[in-house]
Amino acid sequence: MKILGISGSLRQGSWNTAALHAAADLLPEGHALEIAAIGDLPLMNQDLEHDGKYPETVECFRAAVLAADALLFATPEYNASIPAPLKNAIDWGSRPANVWSAKPAAIIGVSPGALGTSRGQYPLRQTLGVLSVQLLGQPEVFIGGAGQKFTDGNLTDAATREFLAKMLTAFVTFSERVKLS
Ligand SMILES: Cc1cc2nc3c(=O)[nH]c(=O)nc-3n(C[C@H](O)[C@H](O)[C@H](O)COP(=O)(O)O)c2cc1C
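Residues numbered from 1 in each chain as written. Predicted model: local features only at pLDDT ≥ 70, side-chain atom pairs only at ≥ 80, totals over all residues. Heavy atoms only, no water.

1. Points about the overall build of the chain
Of the regular secondary structure elements, the chain holds six helices and eight strands. Along the chain, helices (α) and strands (β) appear in the sequence β-α-β-α-β-α-β-α-β-β-α-β-β-α when read from the amino end. Over its C-alpha atoms the chain spans a radius of gyration of 16 Å, differing by no more than 12% from the 16 Å that the globule rule assigns to 181 residues. If you line up the chain on its principal axes, its C-alpha atoms span 50 × 35 × 25 Å. Burial analysis of the chain (181 residues in total) assigns 48% to the buried set. For the chain, restricting intrachain contacts to residue pairs at least 6 apart in sequence, the fraction spanning at least 24 positions comes to 79%. Roughly 8800 Å² of accessible area belongs to the chain as shown, and the carbon and sulfur atoms make up 52% of that amount. If the 14 positive side-chain charges of the chain are averaged to one point and the 17 negative ones to another, these points end up 5 Å apart. (Helix = DSSP H or I, 4+ residues; strand = E, 2+ residues; numbered from the N terminus. Rg over C-alpha atoms; globule rule 2.2 N^0.38 Å. Buried < 20%, exposed > 50% of the residue type's maximum accessible area, 1.4 Å probe, protein only. Contact = heavy atoms within 4.5 Å. Areas by Shrake-Rupley, 256 points an atom, 1.4 Å probe, with all protein chains shown as cover. Lys, Arg positive; Asp, Glu negative; His and termini not counted. Charge placed at Lys NZ, Arg CZ, Asp CG, Glu CD.)

Written as structure tokens, this is what we have:
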């Protein structure tokens, strides 16, 4: 499986981007994860669309989503919802033709607080569902207390790494099943 990781945070020291790097390490053998760049996407503006063509960075991002076998979102919650840069990327991908459609996907999230992004993940689930993304239901991954689980930008907490590895195994199995259906 060629998995595209999409982080909802543009922050250099992002825990969510770090969680995607950890996921790349923890994937079952034979599968690979690359992280998409969403920071250079322009803000959604239909005036940037010309004859069904989009700006170059948008076309590149859309092509990366289309080429992926599966998608792994890692996102903080901003004010109890989807961070604007991530929503912007999703909106660009949703323009005709919707590149998200039928893609298997999973969501993980990291926050310094106790709730571990649950209030951000549910609105994200709703949006991706509308776009016909095939979402892994369980296990859900809410990583709270990030300050205790990451060291020098790496996910070092053993129990969290083990849980993430378990979820990734389930995700790969789920994605293979979705691809065959
Ligand atoms: C605009 C903004 C809104 C935020 N809102 C929330 C929130 O609703 N709940 C929460 O747990 N953390 C919130 N935070 C704090 C983030 O969880 C924290 O900055 C986290 O480190 C972001 O993830 P990252 O490390 O991947 O950048 C917010 C941060 C920002 C910048």
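2. Considerations on the packing of aromatic side chains
Considering all chains together, one arrives at five aromatic pairs under this definition. Here the aromatic cluster, defined as three or more aromatic residues joined through ring pairs, consists of F61, F73 and W100. Note that R11 overlies the ring of W15, its terminal NZ or CZ placed 5.7 Å from the centroid. (Phe/Tyr/Trp six-rings, centres within 6.5 Å; stacked < 30°, edge-to-face > 60°. Lys NZ or Arg CZ within 6 Å of the ring centre and 35° of its normal.)

3. A few points about the pattern of salt bridges
Here the structure, examined in full by the defined rule, presents four salt bridges. Between E77 and R119 there is a salt bridge whose closest N-O contact spans 2.8 Å. With E77 in the loop between β3 (70-74) and α3 (84-94) and R119 in helix α4 (residues 118-130), the pair connects residues that are 42 residues apart, well separated along the chain. A salt bridge links D91 to K87; its shortest N-O distance comes to 3.1 Å. Of this pair, D91 and K87 are both found in helix α3, four residues apart, which corresponds to roughly one turn of the helix. (Salt bridge = Lys/Arg side-chain N within 4 Å of Asp/Glu carboxyl O.)

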